[in-house]
Amino acid sequence: MNKKTVRDVDLKGKRVLMRVDFNVPMQDGVVTDDKRIRAALPTIQYVLDQGASLLLMSHLGRPKGGPDPQFSLKAAAEALSKLLGKPVQMAPDTVGPEVEKMAAALKPGDVLMLENTRFHKGEEKNDPELARQMAKLGDIYVNDAFGSAHRAHASTEGVAHYLPAVSGFLMEQELEYLGRATQNPERPYVAILGGAKISDKILVVENLLAKCDKLIIGGGMANTFLAAQGCDMADSLVESGSIETARNILASAGDKLVLPVDAVIADRFDAEADSQVVDVDKIPAGWRMLDIGPKTLALFGAVLKTARLVVWNGPMGVFEFPRFAEGTFAIAKLLAESGATTVIGGGDSASAVKKAGVAKKMTHVSTGGGASLEFLEGKELPGVAALNDK
Ligand code: ADP
Ligand code: MG
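Numbering of residues starts from 1 in each chain and follows the order in which that chain's sequence is written. Whichever chain is written first becomes A and whichever ligand is written first becomes 1, with later ones labelled in order. In keeping with the predicted nature of the model, local features appear solely for residues at pLDDT of at least 70, side-chain atom pairs appear and are counted solely at 80 or more, and the whole-chain, interface and lining totals rest on all residues. Side-chain metrics rest on all non-hydrogen atoms present in the structure, leaving aside hydrogens and water.

A.B. asks: When you look at the site of ligand 1 in this model, what are you seeing that I'm missing?
C.D. replies: Residues are labelled near a given molecule or strand when at least one of their non-hydrogen atoms is within 4 Å of it. Taken together, 18 residues form the shell around ligand 1, and within it A196, K201, E320, D348 and S349 come nearest. Measuring from a nitrogen atom of ligand 1, one finds a backbone N or O atom of G220 at 3.1 Å. Between ligand 1 and S349 there is a distance of 2.5 Å, counted from an oxygen atom to a side-chain nitrogen or oxygen. In the complex, 85% of the free accessible area of ligand 1, which totals 580 Å², lies under the protein chains. Elements that contribute at least two residues to the shell around ligand 1 include exactly α8 (219–228), β14 (288–292) and α12 (347–355). Under the DSSP-based scheme used, a helix requires at least four consecutive residues in state H or I and a strand at least two consecutive residues in state E, with every element numbered from the N terminus. For the shell around ligand 1, the element with the highest residue contribution is α12, accounting for three residues. Lys, Arg, Asp and Glu make up the charged group, whereas Ala, Val, Leu, Ile, Met, Phe, Trp, Tyr, Cys and Pro make up the nonpolar group; the residues left over, Gly among them, are polar. Taken together, the residues of the shell around ligand 1 break down into six nonpolar, nine polar and three charged. What qualifies as a polar contact is a pair of N or O atoms within 3.5 Å, subject to a donor-acceptor requirement within protein and to the restriction that residues adjacent in sequence count only when both atoms come from side chains. Method for areas: the Shrake-Rupley scheme with a 1.4 Å probe, in which residue coverage is limited to the protein chains shown.

A.B. asks: I'm lost on helix α13 (residues 369–376) in this one. Help?
C.D. replies: Residues separated by three or four positions in an α-helix point in the same direction, a consequence of the helix having 3.6 residues per turn. Listing the buried residues of α13 in full gives A371, S372, F375 and L376. The arc that holds the buried residues of α13, viewed along the axis, is 135 degrees, so those residues lie on one side. Two residues form a contact once any of their heavy atoms are found within 4.5 Å. As for α13, its buried residues are in contact with α6 (169–182), α7 (202–211), β15 (309–313) and β16 (341–345). Just downstream of α13 lies G378, where phi reads positive at about 90 degrees. The classification of residues rests on relative accessible area computed with a 1.4 Å probe and restricted to protein chains. Under 20% of the type maximum is buried, over 50% is exposed, and intermediate values are partly exposed. By construction, the arc corresponds to the directions joining the helix axis to the C-beta atoms.

A.B. asks: In this structure, what is going on with the pattern of salt bridges? I would like to understand it.
C.D. replies: Note that side chains of opposite charge can pair when their charged atoms are close. A pair is scored as a salt bridge if a Lys or Arg side-chain nitrogen falls within 4 Å of a carboxyl oxygen belonging to Asp or Glu. Tallied over the entire structure, the rule returns 20 salt bridges. Its salt-bridge partner being R288, residue D235 comes within 3.7 Å of it at the nearest N-O pair. Highlighted residues: D235 in the loop between α8 and α9 (243–253) and R288 in strand β14, separated in sequence by 53 residues. For D267, the salt bridge identified is with R268, shortest N-O distance 3.8 Å. Of the residues examined, D267 reaches a relative accessible area of 27% and is grouped as partly exposed. Assessed through its relative accessible area of 39%, R268 is described here as partly exposed.

A.B. asks: Would you mind going over the pairing of strand β12 (residues 262–266) with me for this structure?
C.D. replies: Sheet faces and side chains relate simply in a regular strand, where the side chains alternate between the two faces. Among the five residues that make up β12, five are buried, leaving the element largely enclosed by the rest of the structure. The alternating pattern of β12 places D262, V264 and A266 on one face and A263 and I265 on the opposite face, and all of these are buried. One ladder, built from five bridges, connects β12 with strand β13 (residues 275–279); its direction is antiparallel. Residue pairing in the sheet places A263 in a bridge with V278 of β13. With four bridges joining them, β12 and β14 adopt antiparallel strand pairing. What makes two strands pair is DSSP finding at least two bridges between them.

Right under this line is the structure:
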């Protein structure tokens, strides 16, 4: 990675302003899942161990442009305090004179949680004035919120222009593993794409196609490619506006592209729908493809067997319905047992590998849904671009 990390700067005696993703689920003022807080612990602990004081900032939910106690980060501060085994002070605001006073009083090892960045309208507008006020609070800016790095907000991008700016360990890990999908991949490199719509992921298809050795396509996305090849997809989700694009991709990709040969079809879009397995060119009228079939699984499995790197984005079927989850779960298990480096991007894909019970067996499951997708499109994320180069 060509961006500086917390390891590259001297933190002793400094005030560290760190952007984290504490956008955690809550109920009755209590954090119900502290996974994201735990994910930031290695960087938090490191910064404190170096003899710095720490100011944490994050967004939480979607408050409507002003303070709203319902979206306070107080509960997150309490959850963090328990995990760290030390007090975490809570600031009454993100920025301002009172917060500046609290920041100035911090001693090495102290932790101060700033209030929700989205209590300020300037956050999402990336207002330079708000960014400057944030920067006043610290000596060094650390960004460990990969999941927000695709957004150019004051706390993720703007503030980085006013302070030395480096990444935390979580950010570093995301960039390292997702970076393998786009730079110097291990080969053979097999990418798997799925999910609902091809129009959401055209740029991902094109970017990965240019980098990988084989591109497996499943899920709803495959339907449009199959339709472009002349299959009658009956009532399957097909994006007629993207058939032409699919045809062009098919023509240029040649045998790099691997498509389903059979399907699990349903007589309606419903968890309790009747289902049967047919070849993709034999879908009866009134039926729709909701999962890949067993022959497809064997075909995809044979391709995956050869891989040293697999990047997967997008489920192979409607895995929310148990009857149509087999393809997605089977691919997840194949990856779990393969010796390849396995990188999972995309929010639904991450929950699918978790549901399949194999998330821990993957080399890397990205914590950033939208951010990982934009990364796989080959875009530079604004929150990453703003960090200092090595
Ligand atoms: P990710 O969040 O991993 O990027 P997407 O959001 O692109 O993935 O796609 C996930 C959705 O795609 C799931 O809700 C799943 O039900 C849907 N999907 C997958 N295959 C099909 C299909 N054959 N028909 C309709 N929807 C599908
Ligand atoms: Mg999704």
